[in-house]
Amino acid sequence: MSNKTKTGRYQRIFRQIEGLIGATRSPWSRMSTIVALLHHKMPDFFWTGFYYLDNGDLVVGPYQGPVACLKLKKNTGVCWTGINEKRSLIVPDVEKFPGHIACSSLSKSEIVVPVYNKTGKILAVLDVDSKKLNAFDEIDQRELEKIVALIYEPSST
């Protein structure tokens, strides 16, 4: 997919998400809608979901794809690194990432995007895996950061 095509697809998904999530302020409903749209509209998304912080643990939230790890080992893997470093991460080859947690051996590359509340506290991460190596780039990062920012935006209700 060309960069222009990918950007355009993300922009259409963003507008669709905006139109749908205004019905509720529930972050769980918003996360579920985001996951469903991304998972079914982005061709390389093999596993798409959220892990959220729960009393110091990182546990699975809304997701689509094969059965996930329910709780991630503390301070290990891509999701924890994104939280601890307070930044998005693109991992071209998960086998080369120190401490990678393999919930599925089919995952080859990954992107993790922190989810911040209105006060700037990280509450979760969006985690997307692909069966392809090097499936994610700066376009994915930029557009996914915009999308997850919608979770804690005020709704129209």
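Refer to the structure printed above.
Residues numbered from 1 in each chain as written. Predicted model: local features only at pLDDT ≥ 70, side-chain atom pairs only at ≥ 80, totals over all residues. Heavy atoms only, no water.

(A) Broad picture of the overall build of the protein. Scanning the protein from N- to C-terminus turns up four helices and six strands. When the helices and strands of the protein are listed from N to C terminus, the series reads α-α-β-β-β-α-β-β-β-α. For 157 residues, the compact-globule estimate of 2.2 N^0.38 gives 15 Å, and the protein sits close to it at 15 Å. By its C-alpha atoms, the protein is 45 × 40 × 25 Å across when sized along the principal axes. (Helix = DSSP H or I, 4+ residues; strand = E, 2+ residues; numbered from the N terminus. Rg over C-alpha atoms; globule rule 2.2 N^0.38 Å.)

(B) Summary view of the pairing of strand S2 (residues 57-64). As judged from the six bridges shared by strand S1 (residues 47-54) and S2, these two strands associate in the antiparallel manner. Across the sheet, the residue bridging to Tyr 52 is Val 59, located in S2. Between S1 and S2, which pair antiparallel in sequence order, lie two residues; one of them, Asn 55, sits at a positive phi of approximately 55°. If you look at the hairpin formed by S2 and strand S3 (residues 71-72), you'll find six residues sitting between the two strands, and Gly 65 has a positive phi there, around 130°. (Pairing = 2+ DSSP bridges.)

(C) Spatial organisation of the nonpolar core. In this structure, Tyr 10, Ile 17, Leu 38, Phe 50, Leu 126, Leu 144 and Ile 147 are the most contacted members of the largest nonpolar core, which totals 26 residues. For this core, the element with the most residues is helix H2 (residues 27-41), which contributes five residues. Excluding anything up to four places from it in sequence, Phe 50 contacts Met 31, Ile 34, Val 35, Val 59, Val 60, Gly 61, Pro 62, Val 115, Val 125, Leu 126, Val 148 and Ile 151. Counting 18 residues, the second largest nonpolar core, distinct from the first, contains Tyr 51, Ile 83, Leu 89 and Val 94. (Core = buried A, V, L, I, M, F, W, Y, C linked by side-chain atoms within 4.5 Å. Buried < 20%, exposed > 50% of the residue type's maximum accessible area, 1.4 Å probe, protein only. Contact = heavy atoms within 4.5 Å.)

(D) Structural detail: H2. The end-to-end C-alpha distance of H2, which contains 15 residues, comes to 21 Å, matching closely the 21 Å that a straight helix rising 1.5 Å per residue would cover. Considered for burial, the residues of H2 that qualify are Arg 30, Met 31, Ile 34, Val 35, Leu 37, Leu 38 and His 39. Those residues of H2 that are buried are in contact with helix H1 (3-21), S1, S2, strand S6 (122-130) and helix H4 (138-149). (Expected span 1.5 Å × (residues − 1).)

(E) Main features of the pattern of salt bridges. For the structure on display, the rule yields eight salt bridges. For Asp 57, the salt bridge goes to Lys 71, with nearest N and O atoms at 3.8 Å. Highlighted residues: Asp 57 in strand S2 and Lys 71 in strand S3, separated in sequence by 14 residues. You can call Asp 57 partly exposed: its relative accessible area is 29%. Relative accessible area serves as the criterion here: at 52%, Lys 71 is assigned to the exposed category. A salt bridge links Arg 142 to Glu 143; the shortest N-O distance between them is 3.1 Å. You can call Arg 142 partly exposed: its relative accessible area is 36%. (Salt bridge = Lys/Arg side-chain N within 4 Å of Asp/Glu carboxyl O.)

In short, shape yes, function no, at least from these values alone.
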